[in-house]
Amino acid sequence: MGKTIAVTNQKGGVGKTTTAVNVAAGVAMVGKKVLLIDIDPQGNATSGVGIDKRSIKYSSYNIIVENIKAEQTIIHTEFENLDIIPSSMDLAAAEIELADAEHRESKLKNSLALIKSNYDFIFIDCPPSLGLVTTNAFCAADTLIVPIQPEYYALEGLSQLMNSVRKIKRRYNEYLDIEGVLLTMYDGRLNLTQQVVQEVKRFFPRKVFAAIIPRTVRLSEAPSFGLPIMYFDKSNKGSKAYMELSNEIINNNKGG
């Protein structure tokens, strides 16, 4: 049965999609069967694995709003062991369309139940918000990865995120937990960085990943080529960091 992990932070620009794409590709590269689900209307995770959004017939929108079966939306990527359920701009209107729907928070979870056993890991790239679409991801997920950029405003909004997690646990998904907090865009030369890292570790005791993602130009360039970083530049320090994270996640879930 696949472990479902949502990658989330309502604060934009923290490396959320970069993390979803590269950890999915990294775990798949190690030999695990992986499904990446893009539920961000911007669809950057979709294009980040080389899928042309104009060629898509069905997307995560059709699952969440129209009850299309998840298996109808799956696309095999060119990368070994990695499939994707792509996104669509239509998701931007999903909040309104779901307003009166029955069991609107469980649409994604119910659809994934039929295919979960086909994968070792399922990663969900969430939109940078805490609306109904993200609620669907939290209901479907076992755990959450929270990417944080170590900057002055890093912890701003995290109490709001944790409040949302508590609400989901109470109402819909009592087993939802934090897989780990990931430090991204890291620059160890800055004094502020060290201060924020200590603060994050206080906020999330024993939940911060050992792997740290450095700030690197190649990580920013890879999506424009439709390639995860380990396929774009294997020797890059960002590639090595995401492989470390992928192995850390696999090791943390051994026997689970």
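Given the structure is predicted, the values throughout are model-derived calculations rather than measurements.

Asker: What is the right way to read the pairing of strand β7 (residues 177–183) from this model?
Answerer: Along any regular strand, the residues point their side chains to alternate faces of the sheet. Taking burial as the measure, the seven residues of β7 include six buried ones, the bulk of the element. Of the pairings in the sheet, the one linking strand β6 (residues 143–148) to β7 comprises six bridges and is parallel in character. Looking at β7, one finds that V146 is bridged to V181. Chirality of the crossover, the property in question, places the unit of β6, helix α7 (residues 158–171) and β7 among those that are right-handed.

Asker: I would appreciate a short explanation of helix α8 (residues 191–203) in the present structure.
Answerer: Each full turn of the α-helix corresponds to 3.6 residues, which orients residues three or four apart in the same direction. The terminal C-alpha atoms of α8, which comprises 13 residues, lie 19 Å apart, in line with the 18 Å expected from a rise of 1.5 Å per residue. Listed as buried for α8 are T193, V196, V197 and V200. Along the axis of α8, the buried positions cluster into a sector of 105 degrees, meaning they face one direction only. Exposed residues lying more than 90 degrees from the buried face of α8 are N191, Q195 and R202. Of the surrounding elements, those touching the buried residues of α8 are β6 and β7.

Asker: When you look at the packing of helix α6 (residues 132–140) against α7 in this model, what are you seeing that I'm missing?
Answerer: Helix-helix packing is described using two parameters, namely the angle between the two axes and the distance between the axes. Orientation of α6 relative to α7, taken along the N-to-C sense of each, is 60 degrees, at an axis distance of 10 Å. The orientation of α6 with respect to α7, classified from their angle, is oblique. Crossing geometry of α6 relative to α7 is assigned as right-handed. Residues T135, F138 and C139 of α6 lie in contact with α7, whose contacting residues are L161, V165 and I168. Residues belonging to the contact of α6 with α7 are distributed by class as follows: five nonpolar, one polar and no charged.

Asker: I keep staring at the layout of surface pockets and nothing clicks. Help me out?
Answerer: Here the largest pocket is characterised by a volume of approximately 550 Å³. Along its surface, the largest pocket is lined by 29 residues, and G15, K16, T17, T18 and M185 are the ones closest to its centre. Counting residues per element, the ones that place at least two in the lining of the largest pocket are α1 (16–29), α2 (44–48) and α9 (217–221). With five residues, the single largest contributor to the lining of the largest pocket is α1. In terms of residue class, the lining of the largest pocket is built from 14 nonpolar, 12 polar and three charged.

Asker: How should I be thinking about the environment of M243 in this particular structure?
Answerer: On the secondary structure map, M243 appears in helix α11 (residues 237–252). Dropping the residues within four chain positions of it, M243 is found in contact with G26, M29, V30 and M230.

Asker: Looking at this structure, how should I read the state of the cysteines?
Answerer: Disulfides are covalent bonds that connect the sulfur atoms of two cysteines. Enumeration over the complete set of coordinates arrives at zero disulfides. Free of any disulfide, C126 has its nearest neighbouring cysteine sulfur in C139, separated by 11 Å. Using a relative accessible area of 3% as the deciding quantity, one classes C139 as buried.

Asker: Sorry, what's going on with the packing of aromatic side chains here?
Answerer: Think of a pair of aromatic rings as described by two things: how far the centres are apart, and how the planes are tilted against each other in angle. For the structure on display, the rule yields four aromatic pairs. The interplanar angle of 45 degrees and the centroid separation of 4.6 Å between the aromatic rings of F79 and Y231 together place this pair among those described as tilted. A residue pair is termed long-range when its members are at least 10 positions apart, and F79 in the loop between β3 (75–76) and β4 (82–85) and Y231 in helix α10 (residues 229–232) qualify at 152 residues.

About the thresholds
- Residues numbered from 1 in each chain as written.
- Predicted model: local features only at pLDDT ≥ 70, side-chain atom pairs only at ≥ 80, totals over all residues.
- Heavy atoms only, no water.
- Buried < 20%, exposed > 50% of the residue type's maximum accessible area, 1.4 Å probe, protein only.
- Helix = DSSP H or I, 4+ residues; strand = E, 2+ residues; numbered from the N terminus.
- Pairing = 2+ DSSP bridges.
- Right-handed = clockwise from strand over helix to strand, strands pointing away.
- Expected span 1.5 Å × (residues − 1).
- Arc of directions from axis to C-beta.
- Contact = heavy atoms within 4.5 Å.
- Axes fitted to C-alpha atoms, helices over the stretch in contact; angles between N-to-C directions.
- Parallel < 35°, antiparallel > 145°, perpendicular 65-115°, else oblique.
- Left-handed = near helix turned anticlockwise from the far one by under 90°.
- Nonpolar A, V, L, I, M, F, W, Y, C, P; charged D, E, K, R; others polar.
- 1 Å grid on protein atoms, 1.4 Å probe; cavity = no way out; pocket = protein on both sides within 12 Å on 5 of 7 lines; lining within 4 Å.
- Points joined across faces, edges and corners; volume = space filled by probe spheres on them.
- Disulfide = S-S within 2.5 Å.
- Phe/Tyr/Trp six-rings, centres within 6.5 Å; stacked < 30°, edge-to-face > 60°.

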